[in-house]
There are 2 protein chains.
Amino acid sequence: MTHIQSNDPLAELPGYVLRRAANAMMGELGARLAAIDLKISDASVLLLIAGRSDMTSSEIGKVLDIQRANMVPLLNRLEAAGLIARQPLDRKSQAIVLTPAGQTRLGEVQAITHAFEADLLARIPDADRPHFMPALKALIG
Amino acid sequence: MTHIQSNDPLAELPGYVLRRAANAMMGELGARLAAIDLKISDASVLLLIAGRSDMTSSEIGKVLDIQRANMVPLLNRLEAAGLIARQPLDRKSQAIVLTPAGQTRLGEVQAITHAFEADLLARIPDADRPHFMPALKALIG
DNA sequence: CAATTTTGCTATAGTCAATAGCGATCCGGA
DNA sequence: TCCGGATCGCTATTGACTATAGCAAAATTG
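Residues numbered from 1 in each chain as written. Chains lettered and ligands numbered in written order. Predicted model: local features only at pLDDT ≥ 70, side-chain atom pairs only at ≥ 80, totals over all residues. Heavy atoms only, no water.

Focus: the pattern of salt bridges
Moving on, step 1. Tallying each qualifying case throughout the model produces 16 salt bridges over all chains.
Moving on, step 2. Arg129(A) is paired through a salt bridge with Asp126(A); the nearest N and O atoms lie 2.9 Å apart.
Moving on, step 3. Judged by its relative accessible area of 28%, Arg129(A) falls in the partly exposed class.
Moving on, step 4. Its relative accessible area of 59% is what places Asp126(A) among the exposed residues.
Moving on, step 5. One salt bridge connects Arg32(B) with Asp119(B), and the closest N-O pair in it is separated by 2.9 Å. Of this pair, Arg32(B) sits in helix H1 (residues 14–34) while Asp119(B) sits in helix H5 (residues 100–123), placing them 87 residues apart in sequence.
Moving on, step 6. For Arg32(B), a relative accessible area of 23% translates into the label partly exposed.
Moving on, step 7. Residue classification places Asp119(B) among the partly exposed residues on the basis of a relative accessible area of 39%.
Moving on, step 8. Connected through salt bridges with shared partners, the residues Glu28(A), Arg32(A) and Asp119(A) form a single ionic network. (Salt bridge = Lys/Arg side-chain N within 4 Å of Asp/Glu carboxyl O. Buried < 20%, exposed > 50% of the residue type's maximum accessible area, 1.4 Å probe, protein only. Helix = DSSP H or I, 4+ residues; strand = E, 2+ residues; numbered from the N terminus.)

Structural data, given as structure tokens:
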């Protein structure tokens, strides 16, 4: 349980609080996704390639900010679990697509993700909620 | 360079954006602190024990959310760098205090941290800025 | 067609956090 | 006072995750 103490002089530093909030939320999401045997990065891939059949490993990595080399064990794991398949696009590239089992699992991911995002937003006071996403987006890129 | 793509369906998920924002900001802070040979957790400890001489390793860990076991190499590193010292409180506990060199380094940490926090907040649109800390704090604990 | 870039991958190393366990010490209640 | 539980600092190990370098093959570009 993460709990900032009142005597913590770092509790007023935005960067520090940002890190703590992200850690707390990702811990929570990870715990929920563990119920369907997926890691956060696994779920991200499933959500990303949903309804598409043209995304290569490198493209997924670019979007999700995961390096080419680190995509390999990730996709191997998803393939071994029967959730994705590799479809040759040409002699060099291959598309990553959902298998039927992957489609099913994607449904569970969407349910968990949707509930999680709703719970996350619900914790934010009404007055602050509309400003949450714009503020975070301004910090990226 | 982190850069959410327009075709990224995850870009509207608060949890995902929160993680990306925290990663981007911590990467930036880590790079700035590397200039004075400190990691983020090192700097956090220095900021926390500033002006105090009664905090034990376990207490620091509780406040910063670092486990006892993981405090050891962290404090060893700071001690080897001559920035902190261990002062016995009784035969079991010891206070972690700044050395004179640690005081000096703390000044640099404060300068870097202050500039970083200012730059971070400056990136957030005026209208959203007052809502940033309250929203994040609501997610912790 | 030559040069460069891209793709998917191997192999490796480093960082970081989590777990379990240990001896010593401290503290609170009977 | 003494016993039992809690706490302290630490060791050792493990697992996740990330970063780097390099490679062969194929695609792309000029």
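That covers the picture; the talk isn't over yet.
Observations regarding the side chain of Thr99(B)
All names here are of chain B.
Moving on, step 1. Tracing the sequence through the fold places Thr99 in the loop between strand E2 (94–98) and H5.
Moving on, step 2. With relative accessibility at 14%, the residue Thr99 sits in the buried group.
Moving on, step 3. Other than its neighbours up to four places away in sequence, Thr99 contacts Gly82, Leu83, Ile84 and Ala85. (Contact = heavy atoms within 4.5 Å.)

Notes on the protein's contact with DNA strand C
Moving on, step 1. Of all residues adjacent to DNA strand C, which total 18 residues, the nearest are Ser58(A), Lys92(A), Gln94(A), Gln67(B) and Arg91(B).
Moving on, step 2. The contact atoms of DNA strand C, taken as those within 4 Å of the protein, divide so that sugar and phosphate hold 65%.
Moving on, step 3. Between DNA strand C and the protein, one listed contact pairs a phosphate oxygen with a side-chain N or O atom of Arg86(A) at 3.3 Å.
Moving on, step 4. Contact distances for DNA strand C include 2.9 Å between a phosphate oxygen and a backbone N or O atom of Arg91(B).
Moving on, step 5. For the surface near DNA strand C, the secondary-structure elements that each account for two or more residues are helix H3 (57–64) and helix H4 (68–80) of chain A together with helix H4 (68–80) of chain B. (Near = heavy atom within 4 Å. Polar contact = N/O pair within 3.5 Å; in protein donor to acceptor, adjacent residues only side chain to side chain.)

A few points about the protein's contact with DNA strand D
Moving on, step 1. With respect to spatial proximity, 18 residues lie near DNA strand D, and among them Lys39(A), Gln67(A), Arg91(A), Ser58(B) and Lys92(B) are the closest.
Moving on, step 2. Backbone sugar and phosphate groups make up 65% of those atoms of DNA strand D lying within 4 Å of the protein.
Moving on, step 3. Between a base oxygen of DNA strand D and a side-chain N or O atom of Lys92(B), the distance comes to 2.6 Å.
Moving on, step 4. Within the backbone of Gln94(B), a nitrogen or oxygen atom sits 3.2 Å from a phosphate oxygen of DNA strand D.
Moving on, step 5. Of all the secondary-structure elements, those providing two or more residues to the surface near DNA strand D are H4 of chain A together with helix H3 (57–64) and H4 of chain B.
Moving on, step 6. Classifying every residue of the surface near DNA strand D gives three nonpolar, seven polar and eight charged. (Nonpolar A, V, L, I, M, F, W, Y, C, P; charged D, E, K, R; others polar.)

A word on the interface of chain A and chain B
Moving on, step 1. With 53 residues of chain A in contact, the opposing surface of chain B contributes 53 residues.
Moving on, step 2. Between chain A and chain B, a total of about 4900 Å² is buried, with carbon and sulfur atoms accounting for 69% of that surface.
Moving on, step 3. Residue Lys137(A) is joined to Glu12(B) by a salt bridge in which the shortest nitrogen-to-oxygen separation is 2.7 Å.
Moving on, step 4. Scanning the region where chain A abuts chain B turns up 13 residue pairs in polar contact (both at pLDDT 80 or more).
Moving on, step 5. Among the elements that line the side of chain A that touches chain B, the one with the most residues is helix H1 (residues 14–34) of chain A, at twelve residues.
Moving on, step 6. Here the side of chain A that touches chain B is composed, by residue class, of 33 nonpolar, nine polar and eleven charged. (Buried area = accessible area lost by both parts, 1.4 Å probe.)

Some points on the confidence of the model for chain A
Moving on, step 1. Chain-level pLDDT for chain A is 92 on average; 95% of the residues reach the 70-or-more range.
Moving on, step 2. Overall, residues 1–5 of chain A carries pLDDT values under 50, and its contacts beyond four positions in sequence, including any with other chains, amount to 14 contacts. (pLDDT = per-residue confidence, 0-100.)

Focus on H4(B)
Residue and element names in this part refer to chain B.
Moving on, step 1. The end-to-end C-alpha separation of H4 is 19 Å, in line with the 18 Å expected for 13 residues at 1.5 Å each.
Moving on, step 2. Regarding H4, the residues found buried are Met71, Leu74, Leu75 and Leu78. The arc that holds the buried residues of H4, viewed along the axis, is 100°, so those residues lie on one side. Structural note: H4 exposes Ala69 and Ala80 on the side pointing more than 90 degrees away from its buried face.
Moving on, step 3. Residues of H4 that are buried make contact with helix H2 (40–49), H3, strand E1 (84–88) and E2. (Expected span 1.5 Å × (residues − 1). Arc of directions from axis to C-beta.)

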